[in-house]
Amino acid sequence: MVKDRPGTLLLALTLLALVLRLAWGLGALADDRSLVNEGDYTSYHQAARHFLKRGNFNNSHFLVRPPAFTLLVALAGLNAALVIAFNALIGALLTPLTWLLTRRLGLAQGGALLAALLVAIDPLSIRYTAFLGPGSLAFAGALAMMVGLLAMLQARTQGRAILWAALAALMMLLSVYARPSIYALPLILVLWLLWTRRARWPAIMTFALISLAGMQVWVNHNATVLGNATFSTVGTWTLTYYRAVPVLRLASGMSVEESEAHIDAAVQTRLGGDPASANRQDWLAAAPEVEQALQDVSLQIFRDHPVAWLATFPTGFLRLYNLVPPLWPRSELFNPVHYPLLLWNWMLLLLAIIGLWRLLRERRWLLFWCLFLVIGYFSAGTLLVKSAGMSGRESRVVLPFLAIAAVCGAQWLLPRLRKFLRR
């Protein structure tokens, strides 16, 4: 049946993904706006208002937030329901893109449809692709980039490979202009591709150059218009208040508020100001000297407390993949409503780990490295700058890759379970 009607089944899964996202997003918006907005949307909304009024990006919000999602908000006329509808549509495209990637990686039709199903019904993906945030654009761009790179490797001619490389670069730019977290991944992928597929070097360099040039355009804009030659200042601010604060708190026994105040004072002192007048919100759209002070204070805390720095990685990992219930208030720890989602996340992650292990053992290198590099990059990159304030949103960019790895794990594990149960 799967072999006879893969297109029909894939269309049905895509429509299912869209319906689930629209139902969740619009329902949550009407019932409790906090379910679709964790605080960042105000900044995007204000940036979109500026763009609609002025027609430019000459606002400090753009130093923090690259413009792709802001332009989507502007296209929606600042209408939150329409923003969610756009995001739900883009998020639903993750389902067929996952199928495409899985097939490009050589898995059978049934495995590709199963991976697409996992992406379509994943609860956190439903939530964060029907959301007032840039996730849908960032996730879809990253996934389409990997599809394009695989098509580049499998193209029959160098000319077609170059065209696929250009498309992959444009999809990467869509992702990074929505959320900067993918910023360094192209460098890792280019080094890997040059090492393993040197014959494709013209296409690989096309991907590298378009990606680099596209990001440099925004760096130049920020340098010229906003006085800071950076793609985004959000990473440094996050490093300070979502990484250094937990480390200082763990090492010193101070509360979160006391740790933040201590860091505020240290940064303000480095800037030559009055520590009592520090306001961390003023440092989000940071000037170069502020960004340097934030980084210096954070790195000093890590050097002073290396054990605490290392100790925050496991807790950060659990939060990144939403593997533990909320720890505050304490009553939430025993609230049964959280546990179906936690069991789903544990199942998906454990199957993905089994799948990656089997791919490594079987030396299925293309499949292994395509999955491992993306999952490893976003996991490690997030944990280096953030170990607190996570809700699982940060990990959904790797969901399609986790789903493919989980299918590989299930294909190895299930026959062995059936054999064991027959004994």
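So, how was this worked out
Residues numbered from 1 in each chain as written. Predicted model: local features only at pLDDT ≥ 70, side-chain atom pairs only at ≥ 80, totals over all residues. Heavy atoms only, no water. Axes fitted to C-alpha atoms, helices over the stretch in contact; angles between N-to-C directions. Helix = DSSP H or I, 4+ residues; strand = E, 2+ residues; numbered from the N terminus. Parallel < 35°, antiparallel > 145°, perpendicular 65-115°, else oblique. Left-handed = near helix turned anticlockwise from the far one by under 90°. Contact = heavy atoms within 4.5 Å. Nonpolar A, V, L, I, M, F, W, Y, C, P; charged D, E, K, R; others polar. 1 Å grid on protein atoms, 1.4 Å probe; cavity = no way out; pocket = protein on both sides within 12 Å on 5 of 7 lines; lining within 4 Å. Points joined across faces, edges and corners; volume = space filled by probe spheres on them. Core = buried A, V, L, I, M, F, W, Y, C linked by side-chain atoms within 4.5 Å. Buried < 20%, exposed > 50% of the residue type's maximum accessible area, 1.4 Å probe, protein only. Patch = residues over 30% accessible without salt bridge, like charges linked within 9 Å, V, L, I, M, F, W, Y side chains within 5 Å. Areas by Shrake-Rupley, 256 points an atom, 1.4 Å probe, with all protein chains shown as cover. Salt bridge = Lys/Arg side-chain N within 4 Å of Asp/Glu carboxyl O. Expected span 1.5 Å × (residues − 1). Arc of directions from axis to C-beta. Phe/Tyr/Trp six-rings, centres within 6.5 Å; stacked < 30°, edge-to-face > 60°.

A.B. asks: Quick rundown of the packing of helix 9 (residues 135–154) against helix 10 (residues 158–178)? Include the residues and the values.
C.D. replies: Helices that pack against each other are described as a pair by the angle of their axes relative to one another and the distance between those axes. Contact pair helix 9 / helix 10: the axes reach a minimum separation of 7 Å and the direction vectors enclose 165 degrees. It follows that helix 9 is roughly antiparallel to helix 10 by the angle criterion. Remark: the crossing between helix 9 and helix 10 carries left-handed chirality. Packed against helix 9, whose contacting residues are Leu-137, Ala-138, Gly-141, Ala-142, Ala-144, Met-145, Gly-148, Leu-149, Ala-151 and Met-152, the element helix 10 presents Ala-161, Trp-164, Ala-165, Ala-168, Met-171, Met-172, Leu-174, Ser-175 and Ala-178 at the interface. Of the residues that constitute the contact of helix 9 with helix 10, the class distribution is 16 nonpolar, three polar and no charged.

A.B. asks: Mind laying out empty space enclosed by the protein, listing which residues take part and the relevant values?
C.D. replies: What the rule picks out here adds up to one cavity of 30 Å³ or more. Put simply, the largest cavity is a space of about 40 Å³. Forming the boundary of the largest cavity are Tyr-321, Leu-323, Asn-345, Leu-348, Leu-349, Arg-396 and Leu-402. With three residues, helix 17 (residues 339–361) is the single largest residue contributor to the lining of the largest cavity. The residue makeup of the lining of the largest cavity, split by class, is five nonpolar, one polar and one charged.

A.B. asks: Can you tell me about the nonpolar core, naming the residues and giving the values?
C.D. replies: Leu-101, Met-145, Met-146, Leu-149, Met-152, Phe-207 and Leu-371 are the most contacted members of the largest nonpolar core, which totals 102 residues. Residue contacts for Met-152: discarding those within four places in its chain leaves Ala-161, Trp-164, Ala-165, Leu-193, Arg-200, Ala-203 and Ile-204.

A.B. asks: Which residues make up a nonpolar patch on the surface, and what values do they have?
C.D. replies: A surface patch of nonpolar side chains, about 370 Å² in accessible area, is lined by Leu-360, Trp-365, Trp-369 and Phe-372. When residues of the nonpolar patch are assigned to their parent elements, the largest contribution, three residues, is made by helix 18 (residues 365–385). For Phe-372, the location among the structural elements is in helix 18. According to the relative accessible area criterion, Phe-372 is partly exposed, its value standing at 38%.

A.B. asks: Before we move on, could you go through unusual backbone geometry and cite the residues and values that matter?
C.D. replies: Phi at Leu-78 is positive, roughly 65 degrees, even though this residue is not glycine. The residue Leu-78 is located in the loop between helix 4 (68–75) and helix 5 (80–92) in this model. The class for Leu-78 is partly exposed, based on a relative accessible area of 24%. The phi dihedral of Arg-363 is positive, around 55 degrees, even though this residue is not glycine. The topology assignment puts Arg-363 in the loop between helix 17 and helix 18. Owing to a relative accessible area of 60%, Arg-363 belongs among the exposed residues under this scheme.

A.B. asks: With reference to specific residues and values, describe helix 14 (residues 256–270).
C.D. replies: Side chains three or four residues apart in an α-helix point the same way, a direct result of the helix having 3.6 residues per turn. An ideal rise of 1.5 Å per residue puts 21 Å on 15 residues; helix 14 measures up with 21 Å between its terminal C-alpha atoms. For helix 14, the set of buried residues is Ser-259, Glu-260, Ile-263, Asp-264, Val-267 and Gln-268. Down the axis of helix 14, the buried side of the element spans an arc of 165 degrees, and every buried residue falls inside it. Structurally, helix 14 contributes buried residues whose contacts are with helix 13 (234–252) and helix 15 (288–304). Just downstream of helix 14, Gly-272 is the residue with a positive phi angle, here 80 degrees.

A.B. asks: Quick one: what's the story with the packing of aromatic side chains, residue by residue and with numbers?
C.D. replies: Overall, the coordinates contain 20 aromatic pairs when judged by the stated rule. For the ring pair Tyr-44 and Phe-69, a centre distance of 5.0 Å and an interplane angle of 85 degrees mean the geometry is edge-to-face. Pair noted here: Tyr-44 is in helix 2 (residues 41–54) and Phe-69 is in helix 4, with a separation of 25 residues, a long-range link. You'll find Tyr-44 and Phe-69 in the same group, each marked buried. Look at Trp-237 and Tyr-241: their rings are 5.0 Å apart centre to centre, the planes differ by 45 degrees, and that puts the pair in the tilted class.

A.B. asks: Requested: an account of the environment of Ser-259, with residues and values cited.
C.D. replies: Here Ser-259 lies in helix 14. A sequence separation of 63 residues divides Ser-259 from Asn-322, and the C-alpha atoms of the two residues are 25 Å apart.

All quantities given are derived from atomic positions and should not be read as evidence of function.
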